[in-house]
Protein chains: 4
Amino acid sequence: MSSADASSSEPEPSPSWLPPRPPIVSGEDYIASLRGRGLRVFLLGERVAEPVDHPILRPSINAVARTYDLARERPELATAVVRETGQRVNRFLHVTESAADVVQQNKMQRRLGQLTGTCFQRCVGMDAINALYTTTWLIDQAHGTPYHGRLRAFVRAMQRQNLVVGGAMTDVKGDRGKAPHEQSDPDMFVRVVRREPGGVVIRGAKAHQTGCINSHWIVVMPTMRLGPRDRDHAIVCAVPVDHPGLTFVVGRQSCDTRALEGGAVDVGNARYGGQEALIILDDVFVPDELVFMDGEFEFAADLVERFTAYHRRSYVCKAGVGDVLIGAAALIADYNGVPQVSHVRDKLVEMAHLNETIYGAGIAASHESTATPAGNWQNDAMLANVCKHNVTRFPYELARLAQDLAGGLLATLPSEHDFADPEVGPLLKKYLRGRDGVSAEARARALRLIENMTMGRNAVGYLTESMHGAGSPQAQRIQIARQMQVEDKKALARALAGITDEVEGGA
Amino acid sequence: MSSADASSSEPEPSPSWLPPRPPIVSGEDYIASLRGRGLRVFLLGERVAEPVDHPILRPSINAVARTYDLARERPELATAVVRETGQRVNRFLHVTESAADVVQQNKMQRRLGQLTGTCFQRCVGMDAINALYTTTWLIDQAHGTPYHGRLRAFVRAMQRQNLVVGGAMTDVKGDRGKAPHEQSDPDMFVRVVRREPGGVVIRGAKAHQTGCINSHWIVVMPTMRLGPRDRDHAIVCAVPVDHPGLTFVVGRQSCDTRALEGGAVDVGNARYGGQEALIILDDVFVPDELVFMDGEFEFAADLVERFTAYHRRSYVCKAGVGDVLIGAAALIADYNGVPQVSHVRDKLVEMAHLNETIYGAGIAASHESTATPAGNWQNDAMLANVCKHNVTRFPYELARLAQDLAGGLLATLPSEHDFADPEVGPLLKKYLRGRDGVSAEARARALRLIENMTMGRNAVGYLTESMHGAGSPQAQRIQIARQMQVEDKKALARALAGITDEVEGGA
Amino acid sequence: MSSADASSSEPEPSPSWLPPRPPIVSGEDYIASLRGRGLRVFLLGERVAEPVDHPILRPSINAVARTYDLARERPELATAVVRETGQRVNRFLHVTESAADVVQQNKMQRRLGQLTGTCFQRCVGMDAINALYTTTWLIDQAHGTPYHGRLRAFVRAMQRQNLVVGGAMTDVKGDRGKAPHEQSDPDMFVRVVRREPGGVVIRGAKAHQTGCINSHWIVVMPTMRLGPRDRDHAIVCAVPVDHPGLTFVVGRQSCDTRALEGGAVDVGNARYGGQEALIILDDVFVPDELVFMDGEFEFAADLVERFTAYHRRSYVCKAGVGDVLIGAAALIADYNGVPQVSHVRDKLVEMAHLNETIYGAGIAASHESTATPAGNWQNDAMLANVCKHNVTRFPYELARLAQDLAGGLLATLPSEHDFADPEVGPLLKKYLRGRDGVSAEARARALRLIENMTMGRNAVGYLTESMHGAGSPQAQRIQIARQMQVEDKKALARALAGITDEVEGGA
Amino acid sequence: MSSADASSSEPEPSPSWLPPRPPIVSGEDYIASLRGRGLRVFLLGERVAEPVDHPILRPSINAVARTYDLARERPELATAVVRETGQRVNRFLHVTESAADVVQQNKMQRRLGQLTGTCFQRCVGMDAINALYTTTWLIDQAHGTPYHGRLRAFVRAMQRQNLVVGGAMTDVKGDRGKAPHEQSDPDMFVRVVRREPGGVVIRGAKAHQTGCINSHWIVVMPTMRLGPRDRDHAIVCAVPVDHPGLTFVVGRQSCDTRALEGGAVDVGNARYGGQEALIILDDVFVPDELVFMDGEFEFAADLVERFTAYHRRSYVCKAGVGDVLIGAAALIADYNGVPQVSHVRDKLVEMAHLNETIYGAGIAASHESTATPAGNWQNDAMLANVCKHNVTRFPYELARLAQDLAGGLLATLPSEHDFADPEVGPLLKKYLRGRDGVSAEARARALRLIENMTMGRNAVGYLTESMHGAGSPQAQRIQIARQMQVEDKKALARALAGITDEVEGGA
């Protein structure tokens, strides 16, 4: 970074593509910032008038809001100081400057998992910014392009207003056996459909985009390694979420409509939820200043690998969510009167062991970060893949153990409205108590939270997203295969086995 | 059985406690038989006017109805001939007369699991009748009581009208650390509150009762080993479901209200579902003819062990449900264009392997049946416990693998109403296709079925009920510990290790 | 079978190729029968003069001998009556005549596993005879060949003298990526090298042949599906073990030489062990009467599938071996003074659960046998593969749990000769005691048995042979894939998902 | 540390209890240093004249020697500079001064695992020194004792001569249900039997002591939490290995005597092996300068927890050993001609995934180190326990997968002496080749290495020691239970479930 930048005490002026506004400070500010954007959002077959007020979407907004409040409560955890400027920025918008920065992301992620019990949706942007920071630098080195400077300007602008940056990576893919240029419909992967003076026009759709409706900007990126004939698909750029060419179709989640029932118990986790939507980009113009790759197809794999290296260890958030599930299981065991029974204790220990195994590999990946040529820090890719791969397994086993500890009532508990019914409610309170002194309501709430996390709305985040987010299991296995240095390992074995000549008839 | 019975060609007259009616033959007859009973059913905070017409309850009724239709389609599978009378009866009402009969129950159960993809709710009665057949005989031998004859009359009456018999076993239990007589509220376990001329009056509540609202009669049984001070809890009897003293509170299931949305796709499995409810018995009078145990507390354990031995291998139904899930996973892999990819094939094989492992132990338990002193056949208890214990594990792994194969869209698929929307629907059909030639709707339906079975309504049956039905995992471990003949195994080890004298200072 | 045969009370005369001798009755007779055969056996770099007297080979002979003694002790278990002749024969030589016969094989196998703690080596012959019984019948039907009659004569002769029949199936294979006829050296698969009047001459080698040196005859069979260009490899025939053209090279086993040390403790299981050897066939002439397939390559797969279906459920023997290991683990827990500790009990239960899961699938495969067109009974192939596939996993977990329960002394226990040393022995007895009243020797013996089964000589049989015997894990997965009826399962899923038209643009 | 120390340029004089000698530099020096010590070592029932020359012991000595040579080859990895003195010392003797120091231990350990394929035996001393560094400081703070200074002097002396320090921790324990003072023989736990002027006399035995015969000094430590009545057992001190009061009895290892057979192939890993022995202390006098705890029973638990926290993450060495096993499995797959087969690749990936999961948790534990009040750095205890707990599971699964990939020949391969035999050798070379171009010997060596690591001599280290070293699995579960902060987790769950009042009848 230039010393001119560093010495500058003047606030950098807002770029042309970003209307000035005061920075967002609190969760409340953030929620206010989302109002009135006129987004084109579909949910359950209807256009949503105002996402902020929609009972199904609101919990996902609350989860993002929690990231702002944590930054105020624990700045050392959820903010960072940019060395160059001395500016304190939200950690989700920070370009890492040390291994410790990378590690601190993980600690923040675990804490937010603990506080929300769900996906708080802000990691994709953080990881995308950091991956692009290096890849744009590398492209510029190779091609003399101006991407790195544009990206830095974009990041600074986001930092100043403290905005939420989401990603848009996973193309809808069509036939998975075919490359982008081989698809019968080329729009199956987002692409540049035409070039105009001062910018490009893109079209396509991105699936499973976490928290996109709750973001201010999204960064469009290719989803996989591209070849020379996929050049038009090699596009990276930033798009404002309220661009009129965007349509968002919200994915259904298990039990999503419980949020419409007007209660507070059956939802399980009334305050927080996740969000994933399909983004359709219908001929969206992107000005040059916001384009960070355009046609340099040979860097698509570099970008994807850097991003997934970061993002796969970002899944330590699930260890935070796991903490909640362990707590809920411990709670229900307590309410049932059996917390000291040996098999109950042992199952809680097993849950903790698996949960910390996830955390261990993730934070190890971050600690083992090294400086990139661009100056930011990149985590260890092998350990990140290992972390994520365990995330595709262990939360399912934690869920199974939590269901074991919950008891059968998990699946047969009457509605909270039955508990409130004057006729049958008192009978339920009589018969569905646990040990003496514990209210049936407390027991019901603990069960509903476990249901929420193992079968309900947040099971989508805790289980299915754990499986497929940041790449499905097979994607990790492919990366592990690439990085496992099997030839080095064979050499170790040869040395100890005393194999000096493998060739038949050799010495 | 007496020869008088056997030679009788006269139809046995209906007993006083059972209004005469023609036997139920088809699923349609069965559904008709449920109408107009005036049951006191609560669901989602409301009294249900007519369960048959309730969109949430109806799929569970359809599942029971399927058992009648299967009996017509494949009588060798789903009916049996009573040797004594030559009468062909529904297999769910049959007292087993050979190991082959016990095995055939399993084959019928697997088939019904395949046909419904859910719990068809009729096994508890079958297993209860068979367990009681022996236990009542043993009690009569010990005490000169008339229970066995009463039970046989009850079974014959049920067979003649081809009724659905449900169970009512799992007490709500209160503090799990305390015996029935130690509870601060003795109603935590169903009990005789008073004796009247010609019968007894019982009170209490039974939780998680599968298909109870869809039954015609329920058999009340104690839930565990009882001691001399629990004598009033040692009550077994039959009660008609439309008895005015019964209240049913239906348990919520994940995604239950999707059935109220008016669609056919998002429900995943539109036709079939499970049902579990809390039954509250509010001072219900039971005439002597329908009492099969009253105070013989020392036989409670015998009954529970016989019942669980049958019922734990009845969980081979989950292998049938697993067949559906494997099929759905294969289907979505096909739609995605990757059915021949090696890791996809390998995951399907793993699913089949686990599924057949469940089936193997279950059917082995049935094949290894032996005749009881009462004349019916009882399956092997160790293998039954082993079967059920695998059921508490493997369906969760099958579900995990199915979610893996499904891809991320499982958790982010828009509502069927979005697909139908004139504005956004065409975009969804464009972008959410799989390989060429497969409609987005077919893909959506396959995904919704997997969602239904792994997170939605039937996940309750396929996962949580697999965990806790017929006893939670720890209950199986306790039985395995009892039956594992550890002293015999130690003797085998001693013989091979050459340990002839363990005593210090010995020879 | 012809009625003439059945009515014959005359003893069938011994065939020309089999010298007459009285039938073997006891284990002692059997051991005597092995002496003086002049076999060409190599072990540890030396030609073995008399296998019966070799300390390493003798335990494997004892294990086979145990099959004879069990037949005397429990004839209902280890012998069977041939319906046609009324003759009682050893079950290992019996052609099954009912599902019950197939089941009884499993019960005998489990019992022998319990009694020997190792591989008793006699199953291959039993399974080969039964597989060939059907395949030869089918070949004869297709080609008018005389194989079935020859085989029956061979079996009757073996039954009369009560001999041990081994198999010789697994070719050494060379490059596993190539078919027999593609190998650079065609001897990599056993083949007919020339035809002579009255017989054929074969050459090649069969690896891992269980108990071959302890057999009287071996049945040579192809190891896999063959094509038209592999015709010379399509050879099935019987060869006497003492044929001069055979060479046997005994495989090393872990800790094999402990048997040479002269002690009785460190060997772990002093009496019994397994045996696997390489058989080299150096231009062996086989008379026509002993040829059961010659060139009918298209039946090789049928034979292999029938044989592996039988043989993969024969691995229930490992449940018997597992019983010993569970017993040994329970014993050492007892000696350490911790048998009632909850985690110890729980691990024993887990061991029993896994062990019975193996047994369940195996015995289910046998119970589900059906009659073949040849008249014998063939077990269910899917369940057999499932059984064997669990055998490639669960014994390893049982071994791990046994090592857990054993404690660290398992790997650090001094030699029995140290215990016997006048100087250090008393100190060892002082310090290596467990709970009061248990001798250090008993503790040492229990530990050595666990070592034997998890790392030592019988680990070869309990673990590695469990992995690869009757086909490696991938072989089972291929069979499971073939038999899992994935299209039927997809149809089930389609029906429940309501997929009536998959085609894009369809109704 | 005093500034006097830091400024001192004079070499510290050797203490009275340590004869002066030049520092050990190379592996060769080290081996020379072990000669002629006259240790009282028993092995296989005989007194060993010179351990260095014993074929079974020598490989374990070579493994320790490798630590010296690595320090010369890669000083940044295997040495460290003491900040206070600027002296470069072997890392195994280094008191950590930063988290990076703790991490570097792990990297050295993994590398040595890779280089030796076994246990290199030097970690216990390293971890003991670091644990004692803090505990002695804490005791001194509480009691005004001089232990910390003594320990520092001891460590400096060890560093100057570059000696091997072993541990002596695990008491033989007798009846595991009883505390030390409750044992019928109090010697079951090492104890002070009397006090003399200038020192104490100790008696007892320590089991499973890794590399003790190969050490120069051992540090005696209590094995568990002690109570006030166990005061005499609360003894920590250093003892020279050649003290005449010590007797060592070497534990047998699987296949140990293959080292006596004179070959180089069947041993699997000819150069390296592990060592564990029983140490009997027969009234050994220890001078006060070498006593680091004497009676402060309340600090026993602190010491044990600090030591196990270090030592449980030291098991990342097994990831290095795992690298060798993965390499060997890849090698044999290559030799068999199937390296690209999908299930083979997938199993190698699974092995790598599990192996790196071990490493991830271990190195995370080290990275998360914090400074102790004494000034050295202590790693995270939860992650260390999690690391070790995975070590009790994953190497067994790696071993299982390696055996799968090895094929059946692993268990049936003839002896190397058969290969060398002029008669049968050529036949073996013909028939036991793999793919074209690979010698049978190379294949045999790869198989023998896998046998060595999964069933043979180094299976003791890779499996059984992985299970029990640094505490058996249950010990980790107890620590995880203590550290899992279950009350905090319950609070998280309560917050999200909205449970504000658990009390029945509460608001």
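Residues numbered from 1 in each chain as written. Chains lettered and ligands numbered in written order. Predicted model: local features only at pLDDT ≥ 70, side-chain atom pairs only at ≥ 80, totals over all residues. Heavy atoms only, no water.

A few words now on the overall build of chain A. Helix and strand content of chain A: 18 helices and 14 strands. For chain A, whose C-alpha radius of gyration is 24 Å, the value lies close to the compact-globule estimate of 23 Å for 507 residues. Counting only C-alpha atoms, chain A reaches 75 × 75 × 50 Å along its principal axes. Sorting the 507 residues of chain A into buried and exposed places 69% on the buried side. Put simply, 77% of the contacts in chain A that link residues at least 6 apart link residues at least 24 apart. For chain A, the accessible surface area stands at approximately 15200 Å², while carbon and sulfur atoms represent 51% of it. On chain A, the mean spot of the 56 positive side-chain charges and the mean spot of the 60 negative ones are 3 Å from each other. (Helix = DSSP H or I, 4+ residues; strand = E, 2+ residues; numbered from the N terminus. Rg over C-alpha atoms; globule rule 2.2 N^0.38 Å. Buried < 20%, exposed > 50% of the residue type's maximum accessible area, 1.4 Å probe, protein only. Contact = heavy atoms within 4.5 Å. Areas by Shrake-Rupley, 256 points an atom, 1.4 Å probe, with all protein chains shown as cover. Lys, Arg positive; Asp, Glu negative; His and termini not counted. Charge placed at Lys NZ, Arg CZ, Asp CG, Glu CD.)

So, about the sheet that holds strand 1 (residues 41-43) of chain D. Residues and elements named next belong to chain D. Here 6 strands make up an open sheet; going across it, the order is 2-1-10-11-7-6 and the pairing mixed. Only two strands of the sheet have a single partner each, and these edge strands are strand 2 (46-47) and strand 6 (191-196). Bridge count for strand 1 against strand 2 is 2 bridges, and the pairing is antiparallel. Opposite Phe42, over in strand 2, you have Arg47 as the bridge partner. (Pairing = 2+ DSSP bridges.)

A word on the pattern of salt bridges. All told, the structure shown has 173 salt bridges over all chains when counted by the stated rule. Among the salt bridges present, the one from A:Arg83 reaches A:Glu97, with a minimum N-O distance of 3.3 Å. Taken as a pair, A:Arg83 in the loop between strand 3 (79-81) and strand 4 (88-90) and A:Glu97 in the loop between strand 4 and helix 5 (99-116) lie far apart in primary sequence, 14 residues in all. Taking the shortest distance from any N to any O, the salt bridge between C:Asp334 and C:Arg435 comes out at 3.1 Å. In this pair, C:Asp334 sits in helix 9 (residues 317-336) while C:Arg435 sits in the loop between helix 14 (425-431) and helix 15 (440-454), placing the two residues 101 residues apart along the sequence. (Salt bridge = Lys/Arg side-chain N within 4 Å of Asp/Glu carboxyl O.)

Even without being glycine, A:Cys255 reaches a positive phi, approximately 65°. Examined against the element boundaries, A:Cys255 turns out to sit in the loop between strand 10 (246-250) and strand 11 (276-287). Classification of A:Cys255 by relative accessible area gives buried; the value is 8%. A positive phi angle, close to 55°, is found at B:His208, a residue other than glycine. Its location among the elements puts B:His208 in strand 7 (residues 199-210).

We now examine the pairing of strand 5 (residues 165-168) of chain B. All names here are of chain B. Residues Val165 and Gly167 of strand 5 are buried on one face, and the alternating residues Gly166 and Ala168, pointing to the opposite face, are buried as well. With 4 bridges connecting them, strand 5 and strand 8 (residues 217-220) associate as parallel partners. Bridging across to strand 8, Gly167 finds its partner in Val219.

Looking now at the relation of the copies chain C and chain D. The operation relating the two chain copies consists of a rotation about an axis and a shift along that axis. You can overlay chain C on chain D at an RMSD of 0.0 Å; the transform is a turn of 180° with a shift of 0.0 Å along its axis. Given the turn and translation reported, the copies of this chain are related as if by a two-fold rotation axis. A shared interface surface links the copies, since 100% of the contact residues of chain C are contact residues in chain D too. (Least-squares fit on C-alpha atoms with pLDDT ≥ 70 in both.)

Take the UniProt feature "binding site: FAD" (unreviewed entry) in chain A next. Residues and elements named next belong to chain A. Sites flagged by UniProt as "binding site: FAD" (unreviewed entry) map to Thr210. With respect to the helices, strands and loops of the structure, Thr210 is situated in strand 7 (residues 199-210). When residues no more than four places from it in sequence are discounted, the contact partners of Thr210 are Cys119, Gln121, Gln275 and Glu276. (UniProt positions renumbered as here; feature names shortened; annotations may be inferred.)

All names here are of chain A. If you walk across this open sheet you meet the 4 strands as 5-8-9-12, and the pairing is mixed. Both edges of this open sheet fall to strand 5 (165-168) and strand 12 (291-294), since each of them pairs with a single strand only. Along the sheet, successive strands turn relative to each other by an average axial angle of 25°, direction set aside. Packing of helix 7 (residues 147-161) onto the sheet brings it into contact with strand 5, strand 8 (217-220), strand 9 (235-240) and strand 12, and relative to strand 12 it is tilted by some 145°. (Axes fitted to C-alpha atoms, helices over the stretch in contact; angles between N-to-C directions.)

The description of an aromatic ring pair rests on the distance of the ring centres and on the angle between the ring planes. Residue and element names in this part refer to chain B. Tallied over the entire structure, the rule returns 24 aromatic pairs over all chains. Ring centres 5.3 Å apart and planes at 75° place the aromatic pair Trp17 and Trp217 in the edge-to-face group. One end of the pair, Trp17, is in the loop between helix 1 (3-7) and helix 2 (27-34); the other, Trp217, is in strand 8, and 200 residues separate them in sequence. By the burial criterion, Trp17 is buried, and Trp217 matches it. Between the aromatic rings of Phe154 and Phe292, the centroid separation amounts to 5.7 Å while the plane-to-plane angle is 50°, which identifies the pairing as tilted. Highlighted residues: Phe154 in helix 7 (residues 147-161) and Phe292 in strand 12 (residues 291-294), separated in sequence by 138 residues. Overall, Phe154 belongs to the buried group, its relative accessible area being 0%. (Phe/Tyr/Trp six-rings, centres within 6.5 Å; stacked < 30°, edge-to-face > 60°.)

Turning our eyes to something else, we now look at the UniProt feature "domain: HpaB/PvcC/4-BUDH N-terminal" (unreviewed entry) in chain A. The sites that UniProt annotates as "domain: HpaB/PvcC/4-BUDH N-terminal" (unreviewed entry) are residues 27-293 of chain A. Within residues 27-293 of chain A, the helical portion is 31% and the strand portion 24%, while the C-alpha atoms at the span's ends are 33 Å from each other.

Residues and elements named next belong to chain D. Across the 6 residues that make up strand 9 (residues 235-240), a large majority, 5, are buried. One ladder, built from 3 bridges, connects strand 9 with strand 12 (residues 291-294); its direction is antiparallel. Paired with Ile235 across the strands is Asp294, a residue of strand 12.

The next point concerns helix 9 (residues 317-336) of chain A. Residues and elements named next belong to chain A. Taking 1.5 Å of rise per residue, the 20 residues of helix 9 would be expected to cover 28 Å, and the 29 Å separating its terminal C-alpha atoms lies within 8% of that figure. Most of helix 9 is tucked away: 20 of the 20 residues are buried. Gly337 occupies a position one or two residues after helix 9 and carries a positive phi of about 90°. (Expected span 1.5 Å × (residues − 1).)

In terms of nonpolar packing, the biggest core is built from 389 residues, with A:Met351, B:Met351, C:Met351 and D:Met351 touching the most fellow members. Aside from chain neighbours lying at most four places away, what touches D:Met351 is D:Leu325, D:Ile326, D:Ala329, D:Leu398, D:Leu401, D:Ala402 and D:Leu405. Counting 78 residues, the second largest nonpolar core, distinct from the first, contains C:Val52, C:Leu281, C:Ala300 and C:Val304. (Core = buried A, V, L, I, M, F, W, Y, C linked by side-chain atoms within 4.5 Å.)

Turning next to the interface of chain C and chain D. Taken residue by residue, the interface counts 81 residues in chain C and 81 residues in chain D. Contact between chain C and chain D buries roughly 6600 Å² in total, counting both sides, with carbon and sulfur atoms accounting for 56%. Contact with chain D buries area across many residues of chain C, yet C:Arg252, C:Arg400 and C:Tyr431 alone supply 13% of it, more than any other trio. At the junction of chain C with chain D, the criterion picks out 12 salt bridges. Linking D:Asp436 and C:Lys178 is a salt bridge whose minimum nitrogen-to-oxygen distance equals 3.7 Å. (Buried area = accessible area lost by both parts, 1.4 Å probe.)

To continue, consider the state of the cysteines. The final tally for this structure, using the stated rule, is 0 disulfides over all chains. Take A:Cys387: it sits in no disulfide, and the sulfur closest to it among the cysteines is that of A:Cys317, at 8.9 Å. There is no disulfide at B:Cys119, and the cysteine sulfur nearest it, in B:Cys317, is 6.4 Å away. You can call B:Cys119 buried: its relative accessible area is 10%. (Disulfide = S-S within 2.5 Å.)

Attention shifts here to helix 5 (residues 99-116) of chain D. Residues and elements named next belong to chain D. With 18 residues, helix 5 should cover 26 Å at 1.5 Å per step; its first-to-last C-alpha distance of 26 Å lies within 8% of that length. In terms of residue burial, helix 5 counts as a mostly covered element, since 15 of its 18 residues are buried. Downstream of helix 5 by a residue or two, Gly117 has a phi angle that is positive, lying close to 65°.

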